[in-house]
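Summary of the model geometry
Residues per chain are reported as follows:
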Amino acid sequence: MCRRSSNRFSRKASLDRAREKGVVEIYVHNLHDYAEDKYKHIDDTPFGGGAGMIIKCAPVFACIEKLLAERDYDHVIYASPDGEMLDQNLANGLSLAKNIIILAGHYKGIDQRIRDILITKEISIGDYVLSGGELPALVMVDSIVRLLPGAIGDAESALEDAFQQGILDAPHYTRPADFRGTKVPDVLLSGNHAEIRKWREKQALEKTRDRRPDLLGE
Ligand code: SAM
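My aim in this report is to walk through the structure given alongside it, one point at a time. (Residues numbered from 1 in each chain as written. Predicted model: local features only at pLDDT ≥ 70, side-chain atom pairs only at ≥ 80, totals over all residues. Heavy atoms only, no water.)

Regarding its fold elements, the protein presents eight helices and ten strands. Scaling as 2.2 N^0.38, a compact globule of 218 residues should have a C-alpha radius of gyration of about 17 Å, whereas the protein reaches 22 Å, well beyond that. Referenced to the eigenvectors of the C-alpha coordinate spread, the extents of the protein come out at roughly 70 × 40 × 35 Å. For the protein, with 218 residues in total, the buried portion stands at 39%. Within the protein, counting contacts between residues at least 6 apart in sequence, those at least 24 apart form 69% of the total. When the accessible surface of the protein is split by element, carbon and sulfur atoms take 51% of a total near 13,900 Å². Charged side chains in the protein number 30 positive and 34 negative. The centres of these two groups are separated by 6 Å. (Helix = DSSP H or I, 4+ residues; strand = E, 2+ residues; numbered from the N terminus. Rg over C-alpha atoms; globule rule 2.2 N^0.38 Å. Buried < 20%, exposed > 50% of the residue type's maximum accessible area, 1.4 Å probe, protein only. Contact = heavy atoms within 4.5 Å. Areas by Shrake-Rupley, 256 points an atom, 1.4 Å probe, with all protein chains shown as cover. Lys, Arg positive; Asp, Glu negative; His and termini not counted. Charge placed at Lys NZ, Arg CZ, Asp CG, Glu CD.)

Here it is in structure tokens:
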């Protein structure tokens, strides 16, 4: 993943749009293209026995060493359930990087020597196990790219999202002001921005206290 600078502005928000606008370049590399044998195998049985296949060193080293020879990378990340948990702080930090490699595992995992030698950061997207690292890689990329200047229409919006201030987001409403008898809180229609800010802060705090007291250290 390579960050590119752009001041262009658009209301459209998505990974594709960010790529189209030149905010980010994303390349997908198929490890099978780096396989050594004619059948393009990239996995083998584990030493010591046991179920599941392990991704071999050779194709991963061939791929990542080729990339490292082409440009400098800030991080070589391995998506792994036992990695550091992805949260907003981590995404914020990663959004400052210029170039990132994310390695998606599969099967039972990857040869430990890849982790020991090539990987600089291991990241988990949650305490559950998926069958491959492709979705975790996408989750990481999305959480990072939406923070890049120009990626989403309203740059301030990303800064006001849940977790950015250490608390959850306040409720949001849009037209109509009365939907089937359910009304939007009066304060949001008042035009009084100080009162609206106060209301949002109170709502966000109440929701955080109710759903995620751990964020408040309670
Ligand atoms: N044996 C591994 C373990 O217990 O930690 C799980 C391997 S998992 C079936 C296959 C691959 O999916 C992993 O190598 C990793 O790249 C990816 N993966 C699965 N769950 C993940 C998670 N929660 N976060 C990040 N990556 C995950």
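Once the structure has been displayed, the description carries forward.
Another aspect to go through is the side chain of Asp111. Within the secondary structure, Asp111 is located in the loop between β7 (109-110) and α4 (112-117). A residue is classified by how much of its surface remains accessible, and Asp111, at 16% relative accessible area, is buried. In this view, Asp111 contacts Ile54, Ile55 and Cys57; residues no more than four positions away in its chain are not counted.

As a further point, take the pattern of salt bridges. Evaluation of the coordinates by the stated rule reveals eleven salt bridges. Linked through salt bridges whose partners overlap, the residues forming this network are Asp82, Arg115 and Glu122. (Salt bridge = Lys/Arg side-chain N within 4 Å of Asp/Glu carboxyl O.)

In this section: the sheet that holds β7. Reading across from one edge, β3-β4-β7 is the order of the three strands in this open sheet, with mixed pairing throughout. Two strands bound the open sheet, and with one partner strand each, they are β3 (43-44) and β7. Sheet topology note: the β3/strand β4 (residues 54-55) ladder contains two bridges and is antiparallel. Considered in β4, the bridge of Asp44 is made with Ile54. (Pairing = 2+ DSSP bridges.)

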